[in-house]
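Residue-level structural notes
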Amino acid sequence: MSDDTGTPEDQAGSARGETAGGGPRPEPLRFFGTSWVEQDHGYAARRAGVAAGSLAAAVVSCLVLRFAYDGLQIAGTGAFVTVLIIAMFAICSALAFRNTWEGFGRRHDPQRQASLRGLLAIGFVGSLLAYFFRALTEAPGEKLHREEYDKAREEYARRTSRRTGNPSKRKRRG
């Protein structure tokens, strides 16, 4: 979905995060590519699409959960099982919302994410709602990526402006 062309390494930058011409490259975001940097190439339309898509997916997911609830009622499992399942989906959705929302502001620990995979799968509605609410103000993850990109640009500028040439080639006064 990125507007950029070329190899994936060209799009994301080199292993050091720099292009062949010098300077850091922004990390592409899902659904946005690198359009979040200048907020161009249909950025607003993409944000609206992500917001509408995640809200529609959350609504459809709730309808599917409603069918599952109706199935429990038809099966006659009893009030205790019904309450447990409703509580499980509600708690997991709240935790998934919080985890997804925090992920927009800082990088997650991969080991922690792996251990939460099951909980996040059950609470998928919460993750979809987090994407919806974040897309109302910015591309999901834009703030984190912008901070990292600005920091990389500052470090690159500091590294390249420190020296203008090879000091061993300077003429000595004598």
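See the structure printed just above.
Heads up: these notes are all about the structure in this document. What you see is a predicted model; the values in this text were computed from it and never measured.

Tracing the chain through its elements places histidine 145 in helix H8 (residues 142-162). In this structure, the C-alpha to C-alpha distance between histidine 145 and arginine 107, residues 38 residues apart in sequence, is 9.8 Å. For histidine 145, the residues in contact, after removing those within four places along its chain, are Glu27, Leu29, Trp36 and Arg107.

A cluster of nonpolar side chains, Leu55, Val59, Leu63 and Phe67, forms an exposed patch at the surface whose accessible area comes to about 390 Å². Relative to the helices and strands, valine 59 is located in helix H3 (residues 43-75). According to the relative accessible area criterion, valine 59 is partly exposed, its value standing at 45%.

A few words on the packing of aromatic side chains. Under the counting rule described, the total for this entry stands at seven aromatic pairs. When the ring of phenylalanine 32 is compared with that of tyrosine 43, the centres are 5.8 Å apart and the planes differ by 50 degrees; the resulting orientation is tilted. Note that phenylalanine 32 is positioned in the loop between helix H1 (8-12) and helix H2 (35-38) and tyrosine 43 in helix H3, a separation of 11 residues in sequence. Residue phenylalanine 32 shares its accessibility class with tyrosine 43, and that shared class is buried. In this structure an aromatic cluster arises from ring pairing among Phe97, Trp101, Phe104, Tyr131, Phe132 and Phe133. It is arginine 134 that lies over the ring of tryptophan 101; its NZ or CZ is 4.4 Å from the centre.

Calculation rules
- Per-chain numbering applies: the sequence of each chain, read as written, is numbered from 1 onward.
- The predicted nature of this model means local features are confined to residues of pLDDT at least 70 and side-chain atom pairs, given and counted, to a pLDDT of 80 or more, with totals for whole chains, interfaces and linings taken over all residues.
- The side-chain figures draw on all heavy atoms in the structure; neither hydrogens nor water molecules are used.
- Counting from the N terminus, the helices are the DSSP runs of H or I reaching at least four residues and the strands are the DSSP runs of E reaching at least two.
- Throughout, a contact is declared for two residues whenever any of their heavy atoms are within 4.5 Å.
- Patch membership requires over 30% relative accessible area and the absence of a salt bridge. Like charges are linked within 9 Å, and nonpolar side chains (Val, Leu, Ile, Met, Phe, Trp, Tyr) within 5 Å.
- Areas reported as accessible are Shrake-Rupley estimates using a 1.4 Å probe. Residue values count occlusion only from the protein chains shown.
- Think of a salt bridge as a Lys or Arg side-chain nitrogen and an Asp or Glu carboxyl oxygen that are within 4 Å of each other.
- Residue burial is assigned from relative accessible area. The probe radius is 1.4 Å, only protein chains are included, and a residue is buried under 20% of its type maximum, exposed over 50%, and partly exposed in between.
- Two rings from Phe, Tyr or Trp (for Trp, the six-membered ring) form a pair when their centres sit within 6.5 Å of each other. Planes less than 30 degrees apart are called stacked, planes more than 60 degrees apart edge-to-face, and all others tilted.
- To sit over a ring, a charge needs its Lys NZ or Arg CZ within 6 Å of the ring centre and within 35 degrees of the ring normal.

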